[in-house]
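Chain by chain, the residues:
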Amino acid sequence: MGNVIVSGNSILQRATTLILIFPTGFDLGGQVAIGISHWKSPFPPRGHPLCDSPDGVRSEASAATAPHLPEYQEPVSCPASLSINPISSHCSASQETISDSILKDVKLLMESLEGLSTPSKDGDSTLLDPGTSSILDDNTRTDPAPEVRGRSRSSGLCFSDGKCHIDYILVYRKSGPQSEKREIFERNIRAEGLQMEKELSVCNSDVIFLKVHAPWEVLCRYAELMNIRMPFRRKIYYMHRRYKFMSRMEKRINRFRGWLPRKPMKFDNNTLPDLEENESFTAPFSRSRIHHFTIHNKDTFFNNATRSRIVHHILQRVKYEEGKDKMGLNRLLSNSSYEAAFPLHEGSYRSKNSIRTHGAENHRHLLYECWAWWGVWYKYQPLDLIRRYFGEKIGLYFAWLGWYTGMLFPAALVGLMVFLYGWFTLDHCQVSKEICQATDIIMCPICDEYCPYLRLSDSCIYAKVTHLFDNGATVFFAVFMAVWATVFLEFWKRRRAVLAYDWDLIDWEEEEEEIRPQFEAKYSKKERMNPISGKPEPYQAFTDKYSRLIVSASGIFFMILVVIAAVFGIVIYRVITVSTFAAFGWALIRNNSQVATTGTAVCINFCIIMLLNVLYEKVALLLTNLEQPRTESEWENSFTLKMFLFQFVNLNSSTFYIAFFLGRFTGRPGAYIRLINRWKLEECHPSGCLIDLCMQMGIIMVLKQTWNNFMELGYPLIQNWWTRRRLRQEHGPNAKASFPQWERDYNLQPMNAYGLFDEYLEMILQFGFTTIFVAAFPLAPLLALLNNIIEIRLDAYKFVTQWRRPLPSQAKDIGIWYGILEGIGILSVITNAFVIAVTSDFIPRLVYAYKYGPCAGQGRAGERCMMGYVNASLSMFRVSDFENTSVPRTDGSDTFGEAVKYCRYRDYREPPDSPGEPYSYTLQFWHVLAARLAFIIVFEHMVFTIKNLIAYLIPDLPKDLRDRMRREKYLIQEMMYEAELERLQKEKNEKKKNYRAHHNWE
């Protein structure tokens, strides 16, 4: 808001110290407001050095040469508005009555100004006439007197007057480009009724901060246009009728709770503020019914998040250039007209005083103490406060993350029980016993030349470790996790519905989205009528659209081939290094060559995954821009789907190879299948392939989560630390404490360019790890739970302390991510069925117990029925039948005392001296294969039936919530009707009172 000094005898005679203050610009075609403020002008006359500073900003140098300005006669407040078309005041209570003679002079002044600017005839243009530029430029505030400067910077949340709240900050450089567009943009900001004030940066004289304030009448006007729901009556809660049995049960439970700590995971109600909008009925704001709403204080009726959202809404619709659709802050940020744009944090997140004794200084401080501080890691999240400060979209993310973490508790508990079951039954496992006691069984070498003959008992430890994950409870856990995924998603829908109701998002609908500038520039020549808005808009032809989609799909397919090529490289590495480690000089590596190969391959694979992720982001951007999506939401959905597909394939390709291909297509000794007729494919360990899959999942999961946590928090911490170090060197050790809030926020890191994409992607990939191969690694939910407990506080700390405050925005759900979660849930059923049937030894053991073991034909299976299983699962091979390239360099005499003539390998084949065809598959092989296929079909159909039944039985909307919504709708109608009757009755009584007073006067 700027100042225009009006000279004239009629005004000076009545109020020599008055200054007529216009709103931050005016549009003579719309509302024009003139305010009166009772304070002396701190600004020098035109031509003074203070007015000659660039951009109308008062610099420190000019302040030093300025004459001493008179002190204010009374506290400065946001000027009261006196409107020609009456509008509500947006200021503090110190509003005074203006004499009629002054009002006449004001009208004369406005009549004289009408010649300076006329509204544009073009309905699509909001640009002001260039003739008004001098007056409009003068309307931008400059820095006030030194005493006001100190008061402003002490808080950093208000204008220089100490009253007008800063709702938005724009940052630009004086030396930056597009200054002309920026000037036009700022003029039109003033024309919308917003107030502005500029100030130089303390650290860099080239950086200018443009502070934006929305007056009360602007907030009301746009709140009505945006259908923002505001509170108008306190809620009344009714107790449901309880049965006597339930009452007795509750009494007993409450008596038992008396011995426990009183809700240690919840916050004290005295700590959290009274969030009135959550305890009140709300309705879309309307200026004509403003008396219905609960307005205790105009300054706090619209909270800071709502104010920032309204200002951002305005800035996105302000033009910066003549022409169609040349508008919006985002486009000015993309062409570097502005360097940054953000709402302010509400002060510091730290305080010298304890929050328990002195209370919270602001919502940011409260969020830090109740949410982002590591000491409250075990407490529930204050979702209402998060939503109030960061908006519904971020609030829903943390609600989903908290719900996911809470649902991981039962999954982690059951997974841990499965692991402990394997631990406690380890000594009773017949298969492990036979492997550990098989000192007379000699296994064939697992690689060419360098690998020696081994005793089966050498793999005793690996057999025991395999039993920890592959035991009788594995199938139960796989079914449990498939059902858990369904229950998690179904109950999340119910939780989301409750949040949407509490946060007034049930009836919220996204606005008709604007067309992306890139789409508009590409297809501006061809237009068609929009069926919703009825306006012409650029149109993309059908052939052009689908040809681009085909090219994009081809690019996706090519990148998947790149992933397969990377996996192929890892396979070759494993094949080569297993022989290298077998000939290693260090005995520990030589004796555990296969484990060393798997471990190093997983670490190399992780490095490749991280490198390819960087490439995938650039390719996904290229392909998404190539598709030319019409709107921003279409662009986000397309980019999200590509990035998830790329990273999912990249992260899980090696895991799929180990789970379903490792050791499956190697052939047999004497007839190995080779890559490029040179390298023999890698075989599974004598104790099975599951140990390799467990190592792959454990290492990748731990390394990925550790790396993500470092990049999320460690990287911003290092950047902010470097910025603070530079500022201390330039301005002294206590420089940051004296910086205004906008300066401190500008030195923080901006939020990711893709918003919450990285946060969601990390958790969705983790959800895939937790469900897809959980049958092979029951501890995955436990690792995910431990990570998420840390993740919530990391994200909270990052949002509150390390990032600029993101723009509060609304959302009804988590968007496309819910569909991706459902797809992962379906895929997990299929993969777990194959892991149990193909990767583990569950089916071969079951077939042996019922068909070939000691209990064959008895209809039972136990540990006694598994006697002889190891010998039955191994085939015989004559050493003289080895290929020339596979003959070991040692014949085994140095280990076994004599040359080895026969060795064993894992398969179901005939012995070399069989009367039939040697090395052909036995009947047991076909029985096992048939049982595996039958298990996959039965398991999938059973689990999918259970999943669908659970999804059908669990309604998306809780019954009590449905009843509350119906009752609230009824009560709102009744309250509105009663309030309208009350207003009409008051008007009627006032008319009667005035009528009687008129007659009494006569």
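Here, the structure is the one placed above.
All values derive from a computational prediction rather than experimental measurement.

Visitor: What should I look at first to understand the pattern of salt bridges in this one?
Guide: As a working rule, side chains carrying opposite charge can pair if their charged atoms are close by. Throughout the structure, instances matching the rule amount to 24 salt bridges. Glu346 is the salt-bridge partner of Arg805, the closest N and O atoms lying 3.6 Å from each other. You can see Arg805 sitting in the loop between helix 28 (780–802) and helix 29 (816–839) and its partner Glu346 sitting in the loop between strand 9 (340–342) and helix 12 (355–358), a full 459 residues away along the chain. The same class applies to Arg805 and to Glu346, which are both buried.

Visitor: Mind showing me how you'd approach helix 18 (residues 474–502) here?
Guide: For an α-helix, 3.6 residues make a turn, and residues three or four places apart therefore share a direction. Helix length check: helix 18 (29 residues) gives 41 Å between terminal C-alpha atoms against 42 Å at 1.5 Å per residue, within 8%. Across the 29 residues of helix 18, 21 count as buried, placing the element largely inside the fold. Positive phi shows up at Asp504, right after helix 18, with a value of about 60°.

Visitor: Honestly, the sheet that holds strand 6 (residues 207–213) in this entry has me stumped. Any pointers?
Guide: Two modes of strand pairing occur in sheets, parallel and antiparallel, and in both the strands are linked by backbone hydrogen bonds. If you trace the 4 strands from one edge of the open sheet to the other, you get 5-6-4-9, paired in antiparallel fashion. The open sheet has two edge strands with one neighbour each: strand 5 (195–200) and strand 9. Taken over all neighbouring pairs, the strand axes of this sheet differ in orientation by 20° on average, direction set aside. Bridge analysis of strand 5 against strand 6 gives 6 bridges, and the strand direction is antiparallel. Each residue of the ladder has a partner; that of Lys198, found in strand 6, is Leu210. Helix-sheet contacts for helix 6 (residues 179–191) involve strand 4 (168–173), strand 5 and strand 6, and the interaxial angle to strand 4 is about 160°. Where helix 10 (residues 304–315) meets the sheet, it contacts strand 4 and strand 6, and its direction lies at approximately 50° from that of strand 4.

Visitor: Sorry, what's going on with the packing of aromatic side chains here?
Guide: Remark: the centre distance and the inter-plane angle together describe each pair of aromatic rings, the angle taken between the planes. Throughout the structure, instances matching the rule amount to 52 aromatic pairs. Ring geometry for Phe209 versus Tyr746: centroids 5.5 Å apart, planes at 85°, classification edge-to-face. Taken together, the positions of Phe209 in strand 6 and Tyr746 in helix 26 (residues 741–746) put the pair 537 residues apart, joining distant regions of the chain. We note that Phe209, like Tyr746, is buried. With a centroid separation of 4.0 Å and an interplanar angle of 15°, the aromatic rings of Tyr921 and Phe925 are classed as stacked. In this arrangement the basic side chain of Arg805 is found over the ring face of Tyr389, its NZ or CZ atom lying 3.8 Å from the centre.

Visitor: Please clarify how the state of the cysteines should be interpreted in this entry.
Guide: Here is the idea: a disulfide is a covalent bond, and it sits between the sulfur atoms of two cysteines. A full pass over the atoms with the stated rule returns 3 disulfides. Through a disulfide, Cys444 is tied to Cys903; the S-S separation comes to 1.9 Å. Linking Cys444 and Cys903, the disulfide has an S-S dihedral of approximately 85° and is accordingly described as right-handed. You can see Cys444 sitting in the loop between strand 10 (442–443) and strand 11 (454–455) and its partner Cys903 sitting in strand 19 (residues 902–906), a full 459 residues away along the chain. Here Cys855 is linked by a disulfide to Cys865, with a sulfur-sulfur distance of 2.0 Å. Across the disulfide from Cys855 to Cys865, rotation about the S-S bond amounts to roughly -85°, and the bridge is consequently left-handed. Of this pair, Cys855 sits in the loop between helix 30 (842–852) and helix 31 (869–872) while Cys865 sits in the loop between helix 30 and helix 31; the two residues are 10 residues apart in sequence, bridging distant segments of the chain.

Visitor: Teacher, can you tell me more about the packing of helix 15 (residues 392–424) against helix 18 here?
Guide: Each pair of packed helices gets described by two things: the angle between the helix axes and the distance between those axes. Axis separation between helix 15 and helix 18 bottoms out at 10 Å; the angle between their running directions is 155°. In terms of their interaxial angle, helix 15 and helix 18 are classed as roughly antiparallel. Considering the relative orientation of helix 15 and helix 18, their crossing is right-handed. Seen from helix 15, the contacting residues are Leu396, Ala399, Trp400, Trp403, Tyr404, Met407, Leu408, Pro410, Ala411, Val414, Gly415 and Val418; seen from helix 18, they are Phe476, Phe477, Phe480, Met481, Trp484, Val487, Phe488, Phe491, Trp492, Arg495, Arg496 and Leu499. Tallied by class, the residues present in the contact of helix 15 with helix 18 amount to 21 nonpolar, 1 polar and 2 charged.

Visitor: Explain a nonpolar patch on the surface to me, please; I cannot follow it from the model alone.
Guide: On the surface, Trp707, Phe710, Met711, Tyr715 and Ile718 cluster together into a nonpolar patch covering about 480 Å² of accessible area. Tracing the backbone shows Met711 in helix 24 (residues 690–731).

Visitor: Could you clarify how one ought to interpret the nonpolar core in this entry?
Guide: A general trend in soluble globular proteins is that nonpolar side chains are found buried together. Trp371, Phe390, Trp400, Tyr404, Trp484 and Phe939 are the most contacted members of the largest nonpolar core, which has 152 residues in total. Not counting chain neighbours up to four residues away, the residues in contact with Tyr404 comprise Trp484, Phe488, Met763, Gln766, Phe767, Thr770, Ala784 and Asn788. Grouped together as the second largest cluster of nonpolar side chains are 41 residues, Ile208, Val212, Trp216 and Leu971 included.

Visitor: Please explain unusual backbone geometry as it appears in this structure.
Guide: Glycine aside, residues mostly have negative phi, and peptide bonds are mostly found in the trans state. Here Asn227, not a glycine, exhibits a phi torsion of approximately 55°, which is positive. Looking at the element boundaries, Asn227 is found in the loop between helix 7 (216–225) and strand 7 (229–234). The residue Ser336 is not glycine, and still its phi comes out positive at about 70°. Relative to the elements of secondary structure, Ser336 occurs in the loop between helix 11 (329–334) and strand 9.

Visitor: Could you clarify how one ought to interpret the environment of Gly768 in this entry?
Guide: Relative to the elements of secondary structure, Gly768 occurs in helix 27 (residues 757–772). Relative accessible area serves as the criterion here: at 3%, Gly768 is assigned to the buried category. Excluding its chain neighbours within four sequence positions, the residues that come into contact with Gly768 are Phe773 and Ile824.

Criteria and cut-off values
Residues numbered from 1 in each chain as written. Predicted model: local features only at pLDDT ≥ 70, side-chain atom pairs only at ≥ 80, totals over all residues. Heavy atoms only, no water. Salt bridge = Lys/Arg side-chain N within 4 Å of Asp/Glu carboxyl O. Helix = DSSP H or I, 4+ residues; strand = E, 2+ residues; numbered from the N terminus. Buried < 20%, exposed > 50% of the residue type's maximum accessible area, 1.4 Å probe, protein only. Expected span 1.5 Å × (residues − 1). Pairing = 2+ DSSP bridges. Axes fitted to C-alpha atoms, helices over the stretch in contact; angles between N-to-C directions. Contact = heavy atoms within 4.5 Å. Phe/Tyr/Trp six-rings, centres within 6.5 Å; stacked < 30°, edge-to-face > 60°. Lys NZ or Arg CZ within 6 Å of the ring centre and 35° of its normal. Disulfide = S-S within 2.5 Å. Parallel < 35°, antiparallel > 145°, perpendicular 65-115°, else oblique. Left-handed = near helix turned anticlockwise from the far one by under 90°. Nonpolar A, V, L, I, M, F, W, Y, C, P; charged D, E, K, R; others polar. Patch = residues over 30% accessible without salt bridge, like charges linked within 9 Å, V, L, I, M, F, W, Y side chains within 5 Å. Areas by Shrake-Rupley, 256 points an atom, 1.4 Å probe, with all protein chains shown as cover. Core = buried A, V, L, I, M, F, W, Y, C linked by side-chain atoms within 4.5 Å.

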